[in-house]
Amino acid sequence: MNRIDQIYNEEKIYKRLLEDRNLTIEDELENEMVINMGPQHPATHGVLRLVLRLDGETVMGIVPELGYLHRGYEKMAENMSYIEFIPHTDRLDYTGTMCNNVGYVLAVEKLAGIEAPKRAQYIRMIVAELSRIAAHLVAIGTFAMDVGAVTMVMWTFREREKINSIFDRIAGARFTTSYTRIGGVASDLDDQAIAEIEQFLVELEPALSEMDKLMLSNRIFIGRLEGIGILPKEDAIALGVTGPNLRASGVEYDIRRAKPYLFYNEIDFRIPTFTQGDCLARYFQRGDEVKESVKILRQCLDKMPIGEVIANNPKRVLSHKTEIYSKMEELIHDFMIINFGINPPVGDTYLSVENPKGELGFYIVSNGTGQPWKLKIHSPSFCNLQAVSQLCKGAMVSDVVAIIGSLDPVMGEADK
Amino acid sequence: MNLKELITDKVIEKFGTALEEVSDFRDDICLTVSSDQIVAIGKFLKDDSDLQFITCKDITAIDWGTRKKRFTAVYHIYSFKLNCTLRIKANIDADPPAIETVTSVWRSADWYERETFDMYGIKFTNHPDLRRMYMPEGFEHHPLRKDFPVIGIPGSLPLPHQAE
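Residues numbered from 1 in each chain as written. Chains lettered and ligands numbered in written order. Predicted model: local features only at pLDDT ≥ 70, side-chain atom pairs only at ≥ 80, totals over all residues.

Trainee: An account of the overall build of chain A is needed here, citing residue identities and associated values.
Mentor: Each helix and strand counted, chain A has 18 helices and eight strands in total. Reported as C-alpha extents along the three principal axes, the dimensions of chain A are approximately 90 × 55 × 45 Å. Looking at chain A residue by residue over its 416 residues, the buried ones come to 47%. The long-range share in chain A, meaning contacts at least 24 apart out of those at least 6 apart in sequence, stands at 69%. (Helix = DSSP H or I, 4+ residues; strand = E, 2+ residues; numbered from the N terminus. Buried ≥ 20, exposed ≤ 12 C-beta atoms within 10 Å, placed from the backbone. Contact = placed C-beta atoms within 7 Å.)

Written as structure tokens, this is what we have:
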């Protein structure tokens, strides 16, 4: 069959297809369609699955389905010692690993009544703020990419790479840091790490203003976000939305200010808020928080005292290896802690910290043994996702992507 | 502690013996209340103009294993006015475990109760949409119960190579 015959044949088939009138739709606008978005969808930030009911392009209803990344961390925590669980906190919100590390050890320290030295606490603040900047950069970049501005993700990841290199120097790992210890941190900040952080802060500010210029002169970007997914203040509180999303709706609530942990009460910083509560406000909110984190970091570097980075409390806190190898008492307690755990008193505590995504809380029930009887992770992404069904109702399909991006869920945390 | 007295006095004045125990281990204020009064107490704590616990942060449960009242429901609520996180515990004596839902008081309780139902099998009566949160529909067990092994129960989840 030559080429011309083939084209004619195909034309016949097309015509026959067009003549097929068996399927009749009486009124196209009367029909609703149910479609499935995710779990493997690039714009859902991981494995979030959404089931949408559409009327044309308008979303009539939306049901989020979670659990595709459920690894059972709460169950695993009940079967390992408090120290063993630290690496698992990296895998909760994997964009801001240090914040999770800090939050978890603070919760255990509150339960066990251990206090870390002042220098260790300042180091924790520094790494947590660096981690917050990294997480917000990822959030901004992927959010912009979701609505079509692909350049942004290159620029934000370029800055984030520098933070990862700093973590590599501080903690020995770029991504899964597991840096904090119960009673302090794993290693001290050396001069080169401090110099690197200072250099990074100098470079970050012009980069941020460049990013602002890029995005805010982009009319498509503004047009796709302004007035989309408005979350009123009352609904944000009622739905339990936390973190930047809550503040973008006009609630001035930040745990670093409301219930200061570490030494945030000694630091001067502003809590940025917006009143609009739409996707654009949530975008600005993260940008402003990065600028505040830069301020916090500068003050921390100035105020950081000299001293120990891990508490001298051999019965509860793992001592440094040089002491374990040279002193009998430390050796015995090291053996006891590794084998039987730190045995906090019977009781239960809840401690929450301000994570990049919102309030990360740990509710720990201890029965006096080395393993937690129960460890509940209150994850901010889970709370924020609960607002999706309200925000997306009545929006367009393309807005759903923008709304998910603006809420910035991380499924590793939402699914635990 | 002032805040603790304020909250306890108000609750005792209104509910009397429904408040079973008050503790403040590590400065966390915790009220243990009777499980059949949970909605009324929640509503009171939310609506009272001096307290205003308007947001529910978290709902979970504790499985005590061998105790007679095996499950305890745990609520964490927050008041912007007092800047205080309050923990409410309710020992569940129903068997199979069930407690009234608080979704009528706090909207955010919806997903938290679904998660607790999924993990512990506690039925929240009158919940608008009590489905499993994480585990697949049709899964029979409740993973965070103490009698569920860490390695899981072989055959309880259909794996891809088993489905034919």
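Trainee: Break down the sheet that holds strand β6 (residues 347-355) of chain A for me, with residues and values.
Mentor: Through backbone hydrogen bonds, the strands of a sheet pair up, either in parallel or in antiparallel fashion. Residues and elements named next belong to chain A. Reading across from one edge, β6-β7-β8 is the order of the three strands in this open sheet, with antiparallel pairing throughout. Two strands bound the open sheet, and with one partner strand each, they are β6 and β8 (374-378). Within this sheet the neighbouring strands show an average axis-to-axis angle of 10°, counted without direction. Judged from the nine bridges that link them, β6 and strand β7 (residues 358-366) form a sheet pairing that is antiparallel. (Pairing = 2+ DSSP bridges. Axes fitted to C-alpha atoms, helices over the stretch in contact; angles between N-to-C directions.)

Trainee: Please give an account of the interface of chain B and chain A that cites residues and values.
Mentor: With 25 residues of chain B at the contact, the number on the chain A side is 30 residues. For the side of chain B that touches chain A, the leading source of residues is strand β3 (residues 55-63) of chain B, giving six residues. Of the residues belonging to the side of chain B that touches chain A, the class tally is twelve nonpolar, six polar and seven charged. (Nonpolar A, V, L, I, M, F, W, Y, C, P; charged D, E, K, R; others polar.)

Trainee: Break down the packing of helix α12 (residues 279-303) of chain A against helix α17 (residues 397-407) of chain A for me, with residues and values.
Mentor: All names here are of chain A. For the pair α12 and α17, the least separation of the axes is 9 Å and the interaxial angle reads 30°. Here α12 is positioned roughly parallel relative to α17, judged by the angle of their axes. Pair α12 / α17 crosses with left-handed handedness. Here C279, R282 and Y283 of α12 come into contact with α17, specifically with A402, I403 and S406. Looking at the contact of α12 with α17 residue by residue, the classes come out as four nonpolar, one polar and one charged. (Parallel < 35°, antiparallel > 145°, perpendicular 65-115°, else oblique. Left-handed = near helix turned anticlockwise from the far one by under 90°.)

Trainee: Any chance you could break down the nonpolar core for me, citing the residues and the numbers?
Mentor: Core analysis: the largest hydrophobic core is formed by 153 residues, its most contacted members being V108(A), I126(A), L130(A), V388(A), I403(A), A73(B) and I122(B). Per element, the largest residue contribution to this core is 17 residues, and it comes from helix α5 (residues 118-146) of chain A. Those residues in contact with V108(A) that lie beyond four places of it in its chain are Y82(A), I182(A) and I364(A). (Core = buried A, V, L, I, M, F, W, Y, C linked by C-beta atoms within 7 Å.)

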